Amino acid sequence: MTAATEPSTVDGASTGPGVRISDLTVAYRTPAGELPAVSGINLELAPGSITGLVGESGSGKSTMALAMLNAVQQPGRITGGVIEIDGLGDVLSLSPKQIRAARGGSIGYVFQAAQNSLNPLKTVGKQLLDLGRSHGVEDKRALVRQAKELLSRMGLSGERVLDSYQHELSGGMRQRVGIMLALVLNAHVLVLDEPTTALDMISQANILSIIKDVHAEHGLTTLVVTHDIGVVAEVADRVAVMYGGRLVEQGPTVDVLRAPSHPYTRGLITAIPRLTGDPDVAQPLPGRPPTLGTIPRQGCVFRERCAVYAAGAREDCETVDPPAYDIGAERLVACHVVEEER
Ligand SMILES: Nc1ncnc2c1ncn2[C@@H]1O[C@H](COP(=O)(O)OP(=O)(O)O)[C@@H](O)[C@H]1O
Ligand SMILES: [Mg+2]
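Worth saying up front: this structure is predicted, and the values here are computed from it rather than measured.

A.B. asks: Mind showing me how you'd approach the coordination of the magnesium ion (ligand 2) here?
C.D. replies: A metal bound by six donors in octahedral fashion has ideal angles of 90 or 180 degrees, whereas one bound by four tetrahedral donors has an ideal angle of 109.5 degrees. For the magnesium ion (ligand 2), every protein donor is listed as Ser62 (OG) and Gln112 (OE1), and the spread of their distances is 2.1 to 2.2 Å. On the criterion of sequence distance, the pair formed by Ser62 in helix α1 (residues 61-67) and Gln112 in the loop between β8 (107-110) and α3 (124-134) is long-range, its members being 50 residues apart. Gln112 sits in the partly exposed class, given a relative accessible area of 44%.

A.B. asks: How should unusual backbone geometry be read in this particular structure?
C.D. replies: Both trends apply: most residues other than glycine have a negative phi, and most peptide bonds are in trans. The omega torsion across Gln74 and Pro75 is 5°, close enough to zero to call that bond cis. Its location among the elements puts Pro75 in the loop between α1 and β6 (76-85). With a phi angle near 50°, Asp23 is a residue other than glycine that sits in the positive phi range. If you trace the backbone, Asp23 turns up in strand β3 (residues 19-30). Within the chain, Ala198 stands out as a residue other than glycine whose phi angle is a positive 80°.

A.B. asks: Please clarify how the site of ligand 1 should be interpreted in this entry.
C.D. replies: If you check the shell around ligand 1, you find Tyr28, Ala37, Glu56, Ser57, Gly58, Ser59, Gly60, Lys61, Ser62, Thr63, Pro75 and Leu292 and nothing else. Within the contact set of ligand 1, an oxygen atom lies 3.0 Å away from a backbone nitrogen or oxygen of Gly60. In this structure, an oxygen atom belonging to ligand 1 sits 2.8 Å away from a main-chain N or O atom of Ser62. Burial of ligand 1 by the surrounding chains reaches 67%, relative to a free accessible area of 560 Å². Considering each element in turn, the shell around ligand 1 owes the most residues, three residues, to α1.

Rules behind the numbers
Along each chain, the written sequence defines residue order, and numbers are assigned to residues from 1. Chains and ligands are labelled by the order in which they are written, letters from A for the one and numbers from 1 for the other. The predicted origin of the model limits local features to residues at a pLDDT of at least 70 and limits the giving and counting of side-chain atom pairs to 80 or more, whereas totals for whole chains, interfaces and linings rest on all residues. For the side-chain quantities, the full set of heavy atoms in the structure was used; hydrogens and water were omitted. Any N, O or S atom lying within 2.8 Å of the metal counts as a donor, with the limit raised to 3.2 Å for Na, K and Ca; because water is left out of the atom set, some sites can appear incomplete. Counting from the N terminus, the helices are DSSP H or I runs at least four residues long and the strands are E runs at least two residues long. The rule is simple: take the accessible area with a 1.4 Å probe, protein chains only, and divide by the maximum for that residue type; under 20% is buried, over 50% is exposed, in between is partly exposed. Neighbouring residues are identified by heavy atoms, a residue being near a molecule or strand if any of them is within 4 Å of it. Two N or O atoms count as a polar contact when they lie within 3.5 Å, although within protein this holds only if one can serve as hydrogen donor and the other as acceptor, and sequence-adjacent residues are included solely when both atoms are side-chain atoms. Computed with a 1.4 Å probe, the accessible areas rest on the Shrake-Rupley method; for each residue, only the protein chains presented here act as cover.

Pasting the structure below:
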C-alpha cells in the first residue's frame, strides 16, 4: 500500500487529518491574459469534519478541489498558496511521485461528473485492479475484499458490481462506485465534487446518507463541493461559501443557515423553498455570477448583485477587497457593511 496519512486517534476511534489551505490562488490563461479563478482562499478543514463548499456555477469550486490534489490542468496554474495535510505535508510541494501516490491514496476524490468517468470498456473490477497496480498494491485479494466490503456497506452487491460495465449501472450506483474507488486505498481525506448532481431526489438522499455513514465509519476529513446549499444543510458540519473565486462566508452550518451574514449567503438561502420553509418567500437571486473576465478587479466581487450595496453604495465596497472579518462564534464574513454594522 502507499504511505497513507495516519489518522489521529481519539478514544479509539480514528479521526481524519486536519487540512489547512492558506492563501490559495489559481489562475487560467485566457485570451485576455492570466485571470484568477480562485483568489487568496484560506480554509481549514477540521479533523473528522464534513465541510460543504458551496456557490453558484463558475465560482471556482472545482478549481479549488483540483488544487487540493495539485491536479489543476493547463491552461490553469496554481500561482500561490499552501495546502497542508497532517501527516502528508504541503500537497503543493510534494514530488510528482509523491503526489501520484497521494491522489487516490491518502486523498480520495470523486470528481465532478464522476457518473461518466468510469472507463466504458473495462469492468469496475478491472478498473479497481488498475488503480491498485498504479499505487503499487501487492495484495490484490485484500484490495478486492476491501472493495466488496465498501460496496456492500453502500447497499450494493460487490460481486455483481465488480463484474459490471459502466452502462450496466445507474447514476446512483456509479456514484457509489466512485466513492468506493476513492476510499479503497484507505484514504483519510475525501473530496467529493457535486456528488448528487444529475441524480434523482431519492438517489440524492441515498448518496448523502451514504456519505455521512462512510465518513463516520472511516474516520475521514471530507470536503463536499456543491452548487446546492440544500446538500450542505444535509451533510456538512461547516460551510464555506464561494463567490467569484473568493470565500465570502464560512462557519458552522447550523449557524450560517439559521442566520446567514453575507448578502450572498442570504441570497442563496432565500432562493431555496425547502430552506426558507415557505415556498412563497423563496426568491431567486437576481443577476448572474461573473465569468473570469468580469470578476471585478477591485473592491467586493459581489457588489453588482448585492442588495445592501444597491440600497446605498459605499466607497470601500468599490475600492477595497473585503478581508475575512472574524465575527465570532467561529464565523468569518468578507463584507465591509456586515463588519461595520456589528
Ligand atoms: N480549463 C479552463 N480554462 C479557462 N477557464 C476555466 C477552465 N476551467 C474553469 N475555468 C473558469 O474558471 C472559473 C471557475 O470554474 P470552476 O472551478 O469549474 O467553478 P465551479 O466548479 O464553481 O462551477 C469559471 O469562470 C470557469 O469558466
Ligand atoms: Mg464545478
